[in-house]
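Structural description and commentary
Each chain is listed here by its residues.
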Amino acid sequence: METIIEAKVTTKEQLADIALDITWGKIAQKYFGKSVSWLYNKLNEVDGNGGKGGFSPEEKEQFKNALYDLSARIRHTADTFQ
């Protein structure tokens with residue numbers, strides 16, 4: 001019998017396609033009211049003390065909604081661009 005082990009995909013790996021195109025400081029401030037260093041710690045899955053961290057389930061949902069909002073704003077801007 002073959003055992004399949006799924007590797008956990010990190011937050012940074014999930015964001016690799018857009019990571020260089022996003023101003024994370026603006027995301028941190030606008031959607032969380034936090035500093036960019038707070039968001040970088042979340043993205044790097046560490047806590048402020050260097051231990052294991054990352055997004056809580058509620059923060060994941062909030063981050064997902066921030067990305068949805070940003071994509072809708074980009075889409076609207078593209079649709080109305082003349």
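See the structure above.
Now for a quick tour of the structure.

Conventions adopted
Residues numbered from 1 in each chain as written. Predicted model: local features only at pLDDT ≥ 70, side-chain atom pairs only at ≥ 80, totals over all residues. Heavy atoms only, no water. Salt bridge = Lys/Arg side-chain N within 4 Å of Asp/Glu carboxyl O. Helix = DSSP H or I, 4+ residues; strand = E, 2+ residues; numbered from the N terminus. Buried < 20%, exposed > 50% of the residue type's maximum accessible area, 1.4 Å probe, protein only. Contact = heavy atoms within 4.5 Å.

Side note on the pattern of salt bridges
The tally for this structure, following the rule as stated, stands at four salt bridges. Notably, a salt bridge pairs lysine 8 with glutamate 45, separated by 3.4 Å at the nearest N-O pair. Taken together, the residues span a long stretch of sequence, with lysine 8 in the segment before helix 1 (11–14) and glutamate 45 in the loop between helix 3 (36–43) and helix 4 (57–80) at a distance of 37 residues. Given a relative accessible area of 61%, lysine 8 falls into the exposed group.

As for the side chain of glutamate 45
A residue is classified by how much of its surface remains accessible, and glutamate 45, at 12% relative accessible area, is buried. Apart from residues no more than four positions distant in its own chain, glutamate 45 is found in contact with Lys8, Thr10, Thr11, Gly51, Lys52, Gly53 and Gly54.

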